[in-house]
Amino acid sequence: AEKVRYFKWNVEYMYGTPDCVEHAVIGIDGQFPGPTIRAHTGDILHIELTNKLSTEGVVIHWHGIRQFGTPWADGTASISQCAINPGETFHYRFKVDRPGTYFYHGHYGMQRSAGLYGSLIVDLPEGQKEPFHYDGEFNLLLSDWWHKSAHDQELGLSSNPFRWIGEPQSLLINGRGQFNCSMAAGFGNTTLPQCKFRGNEKCAPQILHVQPNKTYRLRIASSTALASLNLAIGNHKLVVVEADGNYVQPFAVDDIDLYSGESYSVLITTDQDPKKNYWVSVGVRGRSPKTPQALTILNYQTTTASKLPTSPPPITPRWNDYARSKAFAEKVLALMETPQPPKYANRRVILLNTQNKVNGFTKWAINNVSLALPPTPYLGSLKFGLKNSFNQEIPPENFSPEYDIFNPPVNPNSKTGNGVYMFELDSVVDVILQNANALDANVSEIHPWHLHGHDFWVLGYGDGKFSPEDEKKFNLKNPPLKNTAVIFPYGWTALRFKADNPGVWAFHCHIEPHLHMGMGVIFAEGVQYVKRIPKDALTCGLTGKMFLNNKHN
Ligand SMILES: O=C1O[C@H]([C@@H](O)CO)C(O)=C1O
């Protein structure tokens, strides 16, 4: 039977000490990170969300949940709904139709960076078993943390001259990090003093207590604003079994890469010396790291939890060893029963990612258009045919074949825009994400792209400029189904998805400052079939005015 799980949440600023330094954080009902939601496949989640931030709007996106039939509950400001005003309440009501490791986070301004996130775990329907065995599980939500407020970060990004947010001060595991001290001070690679926790401090690491000779499932998700991460556990192999809510062909590794917006489940077997403890380490990859590793301890309960491991924490692989990153990404393949992609696509969209200038402001652009979100949510604009609420010009499907992806743009000037890529309902779409050089010479960055409302098959990764010949190398046999996939520096990534979910969906770089700088596009399909959009989702902009006029008619 369909079960409704009901939550009544207040979103508010509060003082916290995420990395032992006091700072304002966005919490939910006094908790940071927000409460973990745990549900069964097929349940309805009903979150009655009240905005207690006194001077700013809020929305929450349920990352990885496809929102079939409820596109207004996707939680994207200006896209699926109006931001919820201070004091107002919005009801998110949607079905979780697939088991997996997910999370939720703010999707307005830089509120993810301010700490608005939490875990969302969906279990199999009652009585069903996973295709792998485990005796216990842990849930690790990873994030990055700045001592500069999200508002200050946003101001810097929107200023001329541009001020970049810089690298995070700390990495957090379940909202806990240590800025002033190190868990591994005795091991040489830090000048910080040893952390001395009694255990009840809000920034003390959450110790993972295990029994010897058991198997544990670690559910790991990254809601970082910026950092690409690598997680390792000393002396223990990680067997990857799930990615972004889909089962994968199990494979064993010493460490996993995790880009913002991704989630993985890994199995570990506690088959090491039970008289010792082991490090769990999380470090930065993909950008020159200036942030210490996040650390916690895997504690065999046959020994005391306060005993430090005997060897140093695992070393995070070199940040720019992209060959290694690609090798990991290419190991992620679908488990046998996963649906295969359609053999052909009806349409191919090629999206060039460039860093640009718009009137002197630093931006990111897709095919030379930097996304500027309109005040009226697209879902309402398209449903009610409000043609003045955004730019009706169809955004470009491609870029000039002469564009040199290996060098800074010859003409860095770009424009803002907010047009929509419209897909025929149920058509098959290929997206080729093409990376390029940024504004500075010899710089091309990692960008993890996240699609709302769908999973996509990752058909392949390639170096350099995509050519139609590369299509022959697409993996149509066992490509993984994911909702987030990375483009490597100077490379391309090919994705395929079925536009089978009526609604309007964001597709964007999951690095929050990059989205803020325009690195995203809007996809829409079958909006005429969307029925009964709650008015509360659209009481702003031109839809708000429309409701007012209708009332007086
Ligand atoms: O968007 C970005 O801006 C900076 C840099 O390119 C300019 O300061 C950076 O590292 C980004 O990822």
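Now for a quick tour of the structure. (Residues numbered from 1 in each chain as written. Predicted model: local features only at pLDDT ≥ 70, side-chain atom pairs only at ≥ 80, totals over all residues. Heavy atoms only, no water.)

### Some remarks on the overall build of the protein
Now for step 1: For the protein, the count of helices and strands is 5 helices and 32 strands.
Now for step 2: Relative to the compact-globule value of 24 Å for 553 residues, the protein shows a C-alpha radius of gyration of 23 Å, a close match.
Now for step 3: Its C-alpha atoms give the protein principal-axis dimensions of roughly 75 × 55 × 50 Å.
Now for step 4: For the protein, with 553 residues in total, the buried portion stands at 60%.
Now for step 5: When contacts within the protein are restricted to residue pairs at least 6 apart in sequence, long-range pairs at least 24 apart make up 78% of them.
Now for step 6: When the accessible surface of the protein is split by element, carbon and sulfur atoms take 51% of a total near 22100 Å².
Now for step 7: Charge centroids of the protein, computed over 51 positive and 50 negative side chains, lie 2 Å from each other. (Helix = DSSP H or I, 4+ residues; strand = E, 2+ residues; numbered from the N terminus. Rg over C-alpha atoms; globule rule 2.2 N^0.38 Å. Buried < 20%, exposed > 50% of the residue type's maximum accessible area, 1.4 Å probe, protein only. Contact = heavy atoms within 4.5 Å. Areas by Shrake-Rupley, 256 points an atom, 1.4 Å probe, with all protein chains shown as cover. Lys, Arg positive; Asp, Glu negative; His and termini not counted. Charge placed at Lys NZ, Arg CZ, Asp CG, Glu CD.)

### Details of the site of the ligand
Now for step 1: Around the ligand, the structure places F162, W164, R287, Q355, W364, E445, H514 and M517.
Now for step 2: One nitrogen or oxygen atom from the side chain of R287 is found 2.6 Å from an oxygen atom belonging to the ligand.
Now for step 3: Contact between the ligand and W364: an oxygen atom at 2.9 Å from a side-chain N or O atom of the residue.
Now for step 4: Relative to its free-state accessible area of 310 Å², the ligand is covered by the protein chains to the extent of 78%.
Now for step 5: Among the residues forming the shell around the ligand, the class breakdown is 4 nonpolar, 2 polar and 2 charged. (Near = heavy atom within 4 Å. Polar contact = N/O pair within 3.5 Å; in protein donor to acceptor, adjacent residues only side chain to side chain. Nonpolar A, V, L, I, M, F, W, Y, C, P; charged D, E, K, R; others polar.)

### Some thoughts on the packing of aromatic side chains
Now for step 1: Counted according to the given criterion, the structure contains 32 aromatic pairs.
Now for step 2: For the pair F90 and Y92, a centre-to-centre distance of 4.8 Å together with 70 degrees between the ring planes defines the contact as edge-to-face. Take F90 and Y92: they sit in the same class, and that class is buried.
Now for step 3: The interplanar angle of 20 degrees and the centroid separation of 6.2 Å between the aromatic rings of F466 and F474 together place this pair among those described as stacked.
Now for step 4: On the accessibility criterion, F466 (10% relative accessible area) is buried.
Now for step 5: Its relative accessible area of 10% is what places F474 among the buried residues.
Now for step 6: Among the aromatic residues, those joined into a cluster by ring pairs are F7, W9, W62, F90, Y92, F94 and Y104.
Now for step 7: Against the face of F547 rests K535, its NZ or CZ located 5.0 Å from the ring centre. (Phe/Tyr/Trp six-rings, centres within 6.5 Å; stacked < 30°, edge-to-face > 60°. Lys NZ or Arg CZ within 6 Å of the ring centre and 35° of its normal.)

### Regarding the nonpolar core
Now for step 1: Of all hydrophobic cores here, the largest spans 89 residues; its most connected members are W9, I47, W62, Y92 and F507.
Now for step 2: Contact partners of I47, with chain neighbours within four places excluded, come to F7, W9, I37, W62, F90, H91, Y92 and F94.
Now for step 3: Among the nonpolar cores identified, the runner-up in size contains 34 residues, and L208, Y264, V284 and V332 belong to it. (Core = buried A, V, L, I, M, F, W, Y, C linked by side-chain atoms within 4.5 Å.)

### Here's the deal with the pairing of strand 26 (residues 447-451)
Now for step 1: Counting buried residues in strand 26 gives 5 out of 5 residues, a clear majority hidden from the surface.
Now for step 2: With burial as the criterion, each face of strand 26 is covered, one bearing H447, W449 and L451 and the other bearing P448 and H450.

### A few points about the sheet that holds strand 2 (residues 23-28)
Now for step 1: With mixed pairing, 4 strands are arranged side by side in an open sheet as 2-1-4-6. In the strand order of this sheet, the two ends are held by strand 2 and strand 6 (89-95), each with one partner. Going across the sheet, the axis of each strand differs from the next one's by a mean of 20 degrees, ignoring polarity.
Now for step 2: The sheet contact formed by strand 4 (residues 44-51) and strand 6 spans 7 bridges and is antiparallel. Note that in strand 6 the partner of L45 across the bridge is F94. (Pairing = 2+ DSSP bridges. Axes fitted to C-alpha atoms, helices over the stretch in contact; angles between N-to-C directions.)

### Points about helix 1 (residues 150-157)
Now for step 1: A150, Q153, G156 and L157 are the residues of helix 1 that are buried. One face of helix 1 carries all of its buried residues, which in axial projection span an arc of 120 degrees.
Now for step 2: Structurally, helix 1 contributes buried residues whose contacts are with strand 21 (361-366) and helix 4 (512-516). (Arc of directions from axis to C-beta.)

### Details of unusual backbone geometry
Now for step 1: Note the cis peptide between F32 and P33, where omega equals -15 degrees.
Now for step 2: By secondary structure assignment, the location of P33 is in the loop between strand 2 and strand 3 (37-40).
Now for step 3: A cis geometry characterises the amide bond from N160 onward to P161, with omega recorded as 5 degrees.
Now for step 4: Within the secondary structure, P161 is located in the loop between helix 1 and strand 10 (170-173).
Now for step 5: The residue N442 is not glycine, and still its phi comes out positive at about 60 degrees.
Now for step 6: Summarising the element assignment, N442 is placed in the loop between strand 25 (428-434) and strand 26.

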